[in-house]
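Tertiary structure, described
Chain by chain, the residues:
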Amino acid sequence: MEKSEEIIRILKSKLSKKSWEMWFGTFSVKEISETLITFSVGNIFIKDWLNQKYHKQFKETIKEVFGRNIPYVIEDELANEEPKREKKVERLIRKRPVVYSEFNKEYTFENFVVGPFNEEAYDGTLEVTKTPGKMNPFFIYGGVGLGKTHLLHAMGNYLLQNSPDVRVMYVTAEKFMNDLIMAIRNNSTQEFRKNFREKIDVLMIDDIQFLMGKNGIQSELFHTLNHLLDHSKQIVLCSDRTPTQLSEFQPRLVSRFQMGLVVKVYDPDVETSMQIARTFAQRNGILLSNEMAREIALSSNNVRTIKGIVTKLAFKSMKEGVNEKTVMKAVKDIVGNIPTMKESVSEKEAFFQMLSSVFDVLPAELDAKIRTANLSRARQVGMYFARKYLHKTFADIGAWFGRDHSSVVYSCKKVEESLRKGNSKVREKIFILQKLLHKQSGESAG
Ligand code: ADP
Ligand code: MG
């Protein structure tokens, strides 16, 4: 049997029928050499997915067929036919009656760094992109600067290129509101409704939290969503909080939001932030040492900020090279200039975000009743830290964590005891928290 047939046979045996049919329709073995196996698939999107999801199966299959590990790459056909692709895209775009929304060309799936913190949202977005209308509505939530808008644009860009018949509209909730107000003022609500209900297949509304407390707009939104859902049109929503945390939102809307697929973008932990910094650096042609990556990661766990720092660093490095000093400067330049999140969130929220990134838990879990070893540790250290370094009263701390006075006192004692006994894990966590706090107060001052 030919090697390539054997590869396909074994690979197929490792996958469910469903996955095979769904993802391997365009798959082929393009080239086999001593040092590299080249596979080919229909487009970049499938390539991305296969690389992510089936690495293990590819590796095992190659090992079984060749008796040793050989690296492999997956190519997408379009990428190999550059000139043709241009033509095709052009033609497809011209075929579109109207371009409903402009998408940022930089915000693509290819440019999106995937890690544990955003995998759920990334996978969900790919799924929805592949079969719009299946998981409805699709709701992404998470903190500021973590790539939610990027994902929406990636979906838009992808559909625009690959499914020109799908009519995609992207608006911010604010624009939705402004359009509606204008329509009411101009007596053109009929047209507004036509635009948002009849003329589109995918509606994306970004930063939906903007509509909190805006009851009239919410009613219009409710009917828009209902209409689209009734017609199996895809709805994609983004928010900085969960559906249920959208206060002053009509319950009927909240329950619509929860009806489909809800995914979260977590705050990246320090390790992941380091990885993101390294990836951005690589893309800018610079290499970061561990210490440099850590320096950047500790200054922020916000992807937007990390990107900003690395871009600045790349710019500075043209003249001054990359070293600890230029890294520090870039960090200071960017972090110092960012309008801090602290302005828009309470001290508790800011602190919980810090804690959540250091302990890899969710902020919302910290004051909940859930008990896991890691959460309990995060709470204990958090309470101790709030007392010792934020100079909060026991009562304040109790209110933050939803615990009574005596359990706050107990927690603080426990942590002190651990420190006295030289518990290095606890010490390190506190050290990182201190650094973050230091960075934060730098931010607020800047
Ligand atoms: P959000 O909408 O969640 O506030 P954005 O999507 O606007 O965040 O992202 C902020 C910036 O960070 C953008 O420039 C975006 O391209 C970049 N970014 C965020 N997450 C990622 C990621 N995972 N990979 C690459 N770039 C990212
Ligand atoms: Mg956004």
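Residues numbered from 1 in each chain as written. Chains lettered and ligands numbered in written order. Predicted model: local features only at pLDDT ≥ 70, side-chain atom pairs only at ≥ 80, totals over all residues.

Section: helix α15 (residues 303-320)
An α-helical turn contains 3.6 residues, so any two residues separated by three or four positions project in the same direction. With 18 residues, α15 extends 24 Å between its outermost C-alpha atoms, agreeing within 8% with the 26 Å of an ideal straight helix rising 1.5 Å per residue. By the burial criterion, the buried members of α15 are Val303, Thr305, Ile306, Lys307, Gly308, Ile309, Val310 and Leu313. Trailing α15 by a residue or two, glycine 321 shows a phi angle of about 75 degrees, which is positive. (Helix = DSSP H or I, 4+ residues; strand = E, 2+ residues; numbered from the N terminus. Expected span 1.5 Å × (residues − 1). Buried ≥ 20, exposed ≤ 12 C-beta atoms within 10 Å, placed from the backbone.)

Structural notes on the packing of helix α19 (residues 373-388) against helix α20 (residues 394-401)
Close contact between α19 and α20 brings their axes to 10 Å; oriented N to C, the two are set at 145 degrees. In this structure, α19 crosses over α20, and the sense of that crossing is right-handed. Two secondary-structure elements touch here, α19 through Arg379, Gly382, Met383, Ala386 and Arg387 and α20 through Ile397, Trp400 and Phe401. When its residues are assigned to classes, the contact of α19 with α20 shows five nonpolar, one polar and two charged. (Axes fitted to C-alpha atoms, helices over the stretch in contact; angles between N-to-C directions. Left-handed = near helix turned anticlockwise from the far one by under 90°. Contact = placed C-beta atoms within 7 Å. Nonpolar A, V, L, I, M, F, W, Y, C, P; charged D, E, K, R; others polar.)

Comments concerning the pairing of strand β1 (residues 28-32)
The side chains of a regular strand alternate between the sheet's two faces. The pairing of β1 with strand β2 (residues 37-41) spans four bridges and is antiparallel. If you follow serine 28 over to β2, its bridge partner there is serine 40. Where β1 folds back on β2, the antiparallel hairpin that results is connected by four residues. (Pairing = 2+ DSSP bridges.)

Observations concerning the sheet that holds β1
In space, the three strands of this open sheet follow the order β1-β2-β3, with mixed pairing throughout. Each edge of the open sheet carries a strand with a single partner, namely β1 and β3 (72-76). Each strand of the sheet is rotated relative to its neighbour by a mean of 30 degrees, with strand direction disregarded. In this structure, β2 lies alongside β3, joined through five bridges in parallel fashion.

Interpretation in functional terms is not warranted from these geometric data alone.
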